[in-house]
Structure formats: C-alpha cells, structure tokens
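# Coordinates in review
In case you want the letters, here they are:
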Amino acid sequence: MFDILPRHLYSVAPFGAVPAAAPQATAQTNVSRKADVLVPIRSLGENHRARIARHLKALDVHDRYFRFGFAANDEQIDRYVNGLNFERDEIFGIYNRNLVLIAVAHLAYAPDTGANPSAEFGVSVLAQARGRLYGTRLFERAMMHARNVGVNRLYVHVLSENAAMLRIARHAGSTFVCDGAETEGHLTLPPATLNCHLTELVEEQLAQANYQIKLQARQLRHTLSNLQSAWGGTDGAEKSD
Ligand SMILES: CC(C)(COP(=O)(O)OP(=O)(O)OC[C@H]1O[C@@H](n2cnc3c(N)ncnc32)[C@H](O)[C@@H]1OP(=O)(O)O)[C@@H](O)C(=O)NCCC(=O)NCCS
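One structure accompanies this document, and this report is about it. (Residues numbered from 1 in each chain as written. Predicted model: local features only at pLDDT ≥ 70, side-chain atom pairs only at ≥ 80, totals over all residues.)

### Considerations on the site of the ligand
Lining the immediate surroundings of the ligand are 22 residues, of which Phe-66, Arg-130, Gly-135, Thr-136 and Ala-163 lie closest. Going through the elements one at a time, helix H2 (61-68), strand S6 (118-125), helix H4 (134-148) and helix H5 (163-171) are the ones with two or more residues in the shell around the ligand. (Near = placed C-beta within 6 Å. Helix = DSSP H or I, 4+ residues; strand = E, 2+ residues; numbered from the N terminus.)

### Here's the deal with the nonpolar core
Among the nonpolar cores identified, the biggest contains 40 residues, and Ala-105, Phe-121, Leu-138, Phe-139, Ala-142, Ala-146 and Leu-154 are the most heavily contacted of them. Looking at this core, the elements with two or more residues in it are helix H1 (49-57), helix H3 (74-82), strand S4 (90-95), strand S5 (101-109), S6, H4, strand S7 (153-159) and H5. Setting aside its immediate chain neighbours within four residues, Ala-105 contacts Phe-92, Phe-121, Gly-122, Val-123, Leu-138 and Ala-142. (Core = buried A, V, L, I, M, F, W, Y, C linked by C-beta atoms within 7 Å. Buried ≥ 20, exposed ≤ 12 C-beta atoms within 10 Å, placed from the backbone. Contact = placed C-beta atoms within 7 Å.)

### Some remarks on the packing of H4 against helix H6 (residues 194-230)
The N-to-C vectors of H4 and H6 enclose an angle of 125°; their axes lie 10 Å apart at closest approach. Overall, the two elements H4 and H6 adopt an arrangement that is oblique. The two elements H4 and H6 cross, and the hand of that crossing is left-handed. Each of Met-144, His-145, Arg-147 and Asn-148 in H4 lies in contact with H6, whose residues at this interface are Cys-196, His-197, Thr-199 and Glu-200. Its residues placed into classes, the contact of H4 with H6 shows two nonpolar, four polar and two charged. (Axes fitted to C-alpha atoms, helices over the stretch in contact; angles between N-to-C directions. Parallel < 35°, antiparallel > 145°, perpendicular 65-115°, else oblique. Left-handed = near helix turned anticlockwise from the far one by under 90°. Nonpolar A, V, L, I, M, F, W, Y, C, P; charged D, E, K, R; others polar.)

### Details of the packing of H1 against H3
Between H1 and H3, the shortest axis-to-axis distance is 10 Å and the interhelical angle comes to 145°. Of the two elements, H1 crosses H3, and the hand of that crossing is right-handed. Listed contacts from H3 to Arg-49, Ile-52, Ala-53, Leu-56 and Lys-57 of H1 are Asp-74, Ile-77, Asp-78 and Val-81. Its residues assigned to classes, the contact of H1 with H3 shows five nonpolar, no polar and four charged.

### Section: the environment of Gly-185
Mapped onto the elements of the fold, Gly-185 is located in strand S9 (residues 182-188). For Gly-185, a count of 22 C-beta atoms within 10 Å puts it in the buried group. Once the C-alpha coordinates of Gly-185 and Ala-169 are considered, the two residues, 16 residues apart in sequence, prove to be 7.3 Å apart. With residues near it in sequence (within four places) discarded, Gly-185 still touches Tyr-155, Val-156, Val-158, Ala-169, Ser-174, Thr-175 and Phe-176.

Here it is in structure tokens:
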C-alpha cells in the first residue's frame, strides 16, 4: 500500500513554482526542497471529527503545550474539536495504512478579513511519524490552499523553544517576531496561479483515492481475518485498529 506517491504520478509542476515576477517579500519556494514524493494529504470534514480528537489526545503533555500554547487536557481538546468549523476553516490530515490519523493541520481564517485576508496555521504529527516531512508538507499544503482562496498572509504562533516548527516556517520564508516565550511568524503569500489551483485539485484527488484504497485494503484484511477465524485458524490474523 502506498503511503506516499511519487511526484511523477501527476503532470502539473510541484507546488511552490511562484512566477518569476512575484514580489520579493512573498513566500520563498525552498520549502519544497525535498519534493521528490507527494504525501497524500486530504482535506477532512465533519465525519473525521472523532478521529481528530483521538489524534490530539494521543499527543503527550509536552506536544499539547507546543500545539495549543498550553498543556490542554482531554476536555479542552474535546471543546476545541467540537468547535471546529469545517465550513469556514480548512482541516488537513494524513492517514497511515491502518487509517490512523497521524498528522493534522488546521488553517483558521481570521474573521475580520478586510482587504488583507489572513489565516493562522496549527499542526501536529504523532511522535512515531515525525521526521518524515509531514509537518513540512502540511505547511506547504496550507500555503497552497490559502493562496487559492485569496489569503495573502499566513500566521503561525510558535513557542520559541519549538525548533521543529520554527524550521518549517523559516524554510517557507516566514518572518518572526519574538515576544518572550512566544514567537509569531508571518508569511506573505503571492497570488494564486492556475498551476497552484490545478496542483491542489490533483493532490486532493490523489489523496482521496489513496484513502479509499487504504479503506478497501483494511476491509479486505478484516474479511480475511474473519474467514480465518471461522475456519478455526488464528495464526497470522491481523488485529483491527
Ligand atoms: C512540529 C511538528 C509538527 C513537526 O513535524 P515533523 O513532521 O516531524 O516535521 P518535519 O519532518 O517536516 O521536519 C521539519 C524540520 O524540523 C526539523 N526537526 C524535526 N524535529 C526536530 C526537533 N525535535 N528539533 C529540531 N529540529 C527538528 C527537521 O529536521 C526538519 O528540518 P529540515 O527540513 O531543515 O531538515 C511535530 O514535531 C509536532 O507535532 N510537534 C507537536 C505539536 C507542535 O509543536 N505543533 C506546532 C505548533 S503550531
């Protein structure tokens, strides 16, 4: 089962190809420097709410502190998840082959958009799935989506000790203002191009297809496991997640 897709499986240029005429102050493209594979990132809807909660509750106290700026307990996570507005904001996720949500990003739009629409980015990756650039890829995807819906400024609030998140945002060209323990980063996004729209469309389709394949593979594993049990042999039977 593929968890990642080679870039050559789709024909449009990788995201990040900012036109040459783009202003200097806009997002740098070097966030894609290891862009030889496409991680299947899909947009999540209402029916993923419980899994998002499960994902966040799997974070330890330290990670919760980094993610929310305070060590959120399970009740506070439930409140946050119940308050997610899938109509207004965008939530992205990465599922592993067992359909465990291993990474989640939240792109929250600022309410008072005005002439300079902005959004804020928050992300978490399960400890066992870190260091595979999932955080970086989610940031890229959020940048792409934000551009496509006309957002021109992306904010990220990072605790100053959060080296991994600072690296992700810095690689993308964010500018930071440090205020004690907290650092606020912002990134000016260039306007969307046709390529940017097409890339997101293709990536979303591939991620949806990838999810369906994983779903069917899991159902097949369950069926085989049940058949195996019915026939009396339990050796090698796979546990469901
Ligand atoms: C921050 C977080 C999302 C990073 O996820 P990830 O998938 O492991 O990140 P990536 O693999 O894309 O790595 C990003 C960069 O950080 C670096 N990095 C990863 N872990 C690091 C660590 N513990 N210390 C220093 N740098 C680290 C990577 O080497 C990479 O840098 P590079 O591209 O220059 O090589 C993840 O650690 C996490 O979920 N933390 C808890 C929640 C949180 O902090 N959220 C961010 C606040 S919004």
